[in-house]
Amino acid sequence: MKVGLFIPCYVEQFYPKAAIATLELLEKAGVEVAYPLKQTCCGQPMANSGYEEFGQGASDLFRENFAEFDYVVCPSGSCTLHAKEHILSNKEGEPKLYELCEFLTDVVQIKELKSRFPYKVGLHASCHGLRGLGLARPSELMVPDFNKPLQLLEMVEDIDLVHLARKDECCGFGGTFAVFEEAISVQMGKDRIQDHQEQGVAVITGADMSCLMHLEGLLRRDKSPIKVMHIAEILNGQEPELKNQ
Amino acid sequence: MKAAPTHAAAAEEFLKDSERSHWHDETLWHVRSKRDVSAQKIPEWEQLRTLASQIKDHVLSNLDNLLLQFEKKAQANGIEVLWAKDAEEHNEHVLRILEENQVRQLVKSKSILTEECGLNHFLEDKGYDVVDTDLGERIIQFNKQVPSHIVMPAIHLKKKEIGDIFHKHLGTEAGADDPKYLTEAARQHLRQKFIQAHAAITGVNFGIAETGGFVVCTNEGNADMGTHLADIHIACMGIEKLIPRAADLGVYLRLLARSATGQSITNYTSHFHRPRKGKKMYLILVDNGRTKQLGREDFRNSLKCIRCGACMNTCPIYRRSSGFSYNSTVPGPIGSILSPGMDLNKHSTLPFASTLCGSCSDVCPVKINIHEQLYKWRQVITKEGPPQTSKRWAMRFGGQVMSKPRLFDLMGKMARKSLSISPRGFVYNSFNAWGKHRELPEVPKETFKDWYRKNRNDDK
């Protein structure tokens, strides 16, 4: 099984720790992973802004980079969804695309993790992974309950997972929405944070660093002690950079 | 022509009153939660949604024949059927009916279609007294507003504000905001109007092709009060409101009220088949852009909408920006895929008023892929809508960077370098919308690529 790692553009540039954790986590699970160095982006920022055609170059590059792999794994539900819907379509002969959590639960079928995280954690359900990829049951759908990211987090020793009042409301990132609809994006982010704050979390985690980048931006501006961590970091047993703990 | 305000600007304005926007969000979230509780009680909920969607697929694919069947049956029942290609023709039909029957006073139950056609203003300009009898609609009619929500038209107003409006228009005690007291005042006021009215206008929730009958759902019984007392009943129906058989009705009635408010059924589900003896019943079938939408492959199934409003209640943007921020008769997610088809320039910002979170599509009782259509409208708007030179330039540039790995690495390096050495005031300038209320990410010492080269891939 040849597995290629796709790291979203902004994670590559600003959140290497999430990418390293993803790689190490996969390696620890016995997966042989390669990271093609010529990768950039899936083209989603252009396409979601209405300029699909300007994302074409990125899409072509993506296809080239991963042509030889059986699987492509990406630590972002949003980028995975975009690539699935607009670049590859899991057709015969094409690499199969998986978001990290679903790859671990469905393909690797991981049963245990050797990590410990003795902190109060809120799980942010990122929309594209949740409703687009089906990582968990969205609260709108009346189907049997399941939650792949949660299933993984529950394997972490001593983790204290909280229940949120609105378990899968959007955080308001939305790509360029965050800039073009700034006011409402910020309000949505603040409301999400409030929900986590009321549960007394030390860390907000999720399967999409982009949502967490937005929330982190608000938290840091507010000088909040709450930290954000990509789910791979927690699953990989990273320590949070907490003050006064 | 003055450009319409963008959704973003209107939303920012609404959010300035943070207490009100929080209240609005909580109020509508409460309705969404009631919907969840109610839907949970139906084990076959998802099958019902699928069935409802499939029946509407059938309707949209056979709309021509079903409409003709519907017309024939309705005529045979003694209903006078009229066709209107647009809002103007619809309004002219209503006016002619009123003139022919020498009607001066009329009552109207809720109809978003007549809002879409601007019927009230049209008739008021001709000297008619149009009284909306849905409580919420009466409130906003007093307040000279349009509905901010298709099911709860006055949801943007607080109790106290309604008390003030009633004090001004109905003479209730100043400062009184007890819902029971206010409702009673409205009831007394509307009773008079019902008794005086010569004609009653209603909307139509479902037209049944098989029987030529139609169904009107209300919670207040106001459609019934109006139509039972008046000699003339004018029903205004969008041509997409059709279902094939009476047997299909149960599917939609079970979904409609639960999706809308969490009720198991609307308090009044009134079936109209023929005029009573000596009375008249008219049915106006309105296109007003619907056949155009039907011809748009990517957007046709937006016509499945049964106007439950669930997508508004669930939408995190609608809840925090209110219906008025959309500046269109049907606001919220469904409005954002219907309205661009009516006027692309006026509504060009609406498909961007979404994070594409997809909650609207999952809550929709007829499974309209709303968020996917928002994405598709975006592609249309950047080509056919108002030009956006700087955004276009930025996206084109971004696309070029992302298609060339070495350029991407270089640009990334430059961006990270300039971010780490620039003074704060330089980075957080007035053009940096991200940084108005948010910090940018901290710049790490190395990128993942740098790390990977060092730690996993020394030879490359």
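Predicted model only: the values in this text are computed from it and were never measured.

**A look at the overall build of chain A**
Along its length, chain A carries twelve helices and eight strands. Its C-alpha atoms give chain A a radius of gyration of 17 Å, near enough to 18 Å, the size a compact globule of 245 residues would have. Seen through its C-alpha atoms, chain A measures out along the principal axes to roughly 50 × 40 × 40 Å. Counting over 245 residues, chain A shows a buried share of 60%.

**So, the overall build of chain B**
In terms of regular secondary structure, chain B is built from 22 helices and ten strands. Burial status across chain B gives 46% buried among its 460 residues. Here the contacts in chain B between residues at least 6 apart in sequence split such that 73% fall between residues at least 24 apart.

**Quick look at the sheet that holds strand S8 (residues 242-243) of chain B**
Residues and elements named next belong to chain B. Taken together, four strands build an open sheet; the order of strands is S8-S5-S6-S9 and the sheet is mixed. Both outer strands of the open sheet, S8 and strand S9 (268-272), are each paired with one neighbouring strand and no more. Of the strand pairs in this sheet, strand S6 (residues 213-218) and S9 are connected by five bridges, and their pairing is antiparallel. Across the sheet, the residue bridging to Cys217 is Thr269, located in S9.

**Thoughts on the domain arrangement of chain A**
Residues and elements named next belong to chain A. For chain A, the assigned domains read domain 1 (3-107) and domain 2 (120-235). Counting residues at the interface gives 24 residues for domain 1 and 22 residues for domain 2. Here the side of domain 1 that touches domain 2 is built from residues that sort into twelve nonpolar, nine polar and three charged.

**Considering helix H6 (residues 100-107) of chain A**
Residues and elements named next belong to chain A. For H6, the complete set of buried residues consists of Leu100, Cys101, Glu102, Phe103 and Leu104. Residues of H6 that are buried sit in contact with helix H2 (16-28), strand S3 (71-74), strand S4 (96-99), helix H7 (127-133), helix H8 (148-153) and helix H12 (231-235). Positive phi appears at Gln109, one or two residues downstream of H6, with a value of about 50°.

**Comments concerning the packing of helix H10 (residues 182-198) of chain A against helix H11 (residues 209-221) of chain A**
Two numbers describe a pair of packed helices, the interaxial angle and the distance between the axes. All names here are of chain A. Two numbers describe how H10 lies on H11: the axes approach to 10 Å, and their chain directions differ by 80°. Looking at the two axes, H10 sits roughly perpendicular to H11. When H10 is examined against H11, the residues Val186, Gly189, Lys190, Arg192 and Ile193 are found in contact with a partner set consisting of His214, Leu215, Leu218 and Leu219. Class assignment of the residues belonging to the contact of H10 with H11 gives a composition of five nonpolar, two polar and two charged.

**Regarding the domain arrangement of chain B**
What the domain assignment lists for chain B is domain 1 (1-41 + 302-386), domain 2 (44-288) and domain 3 (405-455). The C-alpha centroid of domain 3 of chain B is placed 34 Å from the C-alpha centroid of domain 1 of chain B.

**Re the interface of chain B and chain A**
Every contact between the two is made by 57 residues of chain B and, on the other side, 61 residues of chain A. Considering every element that reaches the side of chain B that touches chain A, the biggest residue donor is helix H19 (residues 389-403) of chain B, with nine residues. Of the residues belonging to the side of chain B that touches chain A, the class tally is 26 nonpolar, 15 polar and 16 charged.

**Some remarks on the environment of Gln141 of chain B**
All names here are of chain B. Relative to the helices and strands, Gln141 is located in helix H8 (residues 135-142). Judged by local crowding, Gln141 falls into the buried class, with 22 C-beta atoms found within 10 Å. Once the C-alpha coordinates of Gln141 and Val131 are considered, the two residues, ten residues apart in sequence, prove to be 8.2 Å apart.

**Concerning the sheet that holds S4 of chain A**
Residue and element names in this part refer to chain A. Taking strand neighbours across the sheet as the criterion, the four strands line up as S2-S1-S3-S4 in an open arrangement whose pairing is parallel. In this open sheet, the two strands that pair with only one neighbour each are strand S2 (33-34) and S4. Two strands pair when backbone bridges link them, and strand S1 (residues 3-5) and S2 are joined in this way by two bridges, in the parallel orientation. From the neighbouring strand, Gly4 faces S2, where its bridge partner is Ala34. In the packing of helix H5 (residues 77-86) onto the sheet, the strands contacted are S3 and S4, and the crossing angle to S4 comes to about 160°.

**Focus: the confidence of the model for chain B**
If pLDDT is low for a region, its predicted coordinates should not be looked at in detail. Of all residues in chain B, 98% attain a pLDDT of 70 or more, and the chain-wide mean is 96. Reported confidences for the modelled complex are a pTM of 0.96 and an ipTM of 0.96.

**Regarding the nonpolar core**
Counting 191 residues, the largest nonpolar core has Phe214, Leu283 and Ile284 of chain B as its most contacted members. Excluding its chain neighbours within four sequence positions, the residues that come into contact with Phe214 of chain B are Val204, Phe206, Gly207, Ile208, Ala235, Met237, Phe272 and Leu283 of chain B. Met46, Ala47 and Tyr51 of chain A together with Met395 of chain B belong to the second largest nonpolar core, which has five residues in total.

**Observations concerning helix H12 (residues 249-261) of chain B**
Residue and element names in this part refer to chain B. The first and last C-alpha atoms of H12 sit 19 Å apart over 13 residues, in line with the 18 Å expected at 1.5 Å per residue. Among all positions of H12, only Val251, Tyr252, Leu255, Leu256, Ala257, Arg258, Ser259 and Ala260 are buried. Taken together, the buried residues of H12 touch helix H2 (18-40), helix H3 (45-61), strand S5 (206-208), S6, S8 and helix H14 (310-314). Among the residues trailing H12, Gly262 stands out with phi positive, at a value near 85°.

**A short note on unusual backbone geometry**
One non-glycine residue with positive phi stands out, namely Asp158 of chain A, at about 65°. Inspection of the secondary structure assignment puts Asp158 of chain A in the loop between H8 and strand S6 (160-161). Positioned with a positive phi, Leu356 of chain B is a non-glycine residue whose angle comes to about 60°. Note that Leu356 of chain B resides in the loop between helix H16 (332-342) and helix H17 (359-363). According to the C-beta neighbour criterion, Leu356 of chain B is buried, with 25 such atoms within 10 Å.

**Focus: the packing of H2 of chain B against H12 of chain B**
All names here are of chain B. For the pair H2 and H12, interaxial distance at closest approach is 6 Å and the crossing angle is 140°. With respect to their mutual orientation, H2 and H12 come out oblique. Together, Val31, Lys34, Arg35, Ser38 and Ala39 of H2 and Arg258, Ser259 and Thr261 of H12 make up the contact between the two elements. Residue classes in the contact of H2 with H12 are distributed as two nonpolar, three polar and three charged.

**So, the environment of Pro351 of chain B**
Residues and elements named next belong to chain B. Tracing the chain through its elements places Pro351 in the loop between H16 and H17. Linking Pro351 and Ile370, residues 19 residues apart in sequence, is a C-alpha distance of 10.0 Å. Setting aside anything within four residues of it in sequence, one finds Pro351 in contact with Ser336, Pro340, Leu374, Trp377, Arg378 and Ile381.

Thresholds applied
- Residues numbered from 1 in each chain as written.
- Chains lettered and ligands numbered in written order.
- Predicted model: local features only at pLDDT ≥ 70, side-chain atom pairs only at ≥ 80, totals over all residues.
- Helix = DSSP H or I, 4+ residues; strand = E, 2+ residues; numbered from the N terminus.
- Rg over C-alpha atoms; globule rule 2.2 N^0.38 Å.
- Buried ≥ 20, exposed ≤ 12 C-beta atoms within 10 Å, placed from the backbone.
- Contact = placed C-beta atoms within 7 Å.
- Pairing = 2+ DSSP bridges.
- Domains from an automatic or database assignment.
- Nonpolar A, V, L, I, M, F, W, Y, C, P; charged D, E, K, R; others polar.
- Axes fitted to C-alpha atoms, helices over the stretch in contact; angles between N-to-C directions.
- Parallel < 35°, antiparallel > 145°, perpendicular 65-115°, else oblique.
- pLDDT = per-residue confidence, 0-100.
- Core = buried A, V, L, I, M, F, W, Y, C linked by C-beta atoms within 7 Å.
- Expected span 1.5 Å × (residues − 1).

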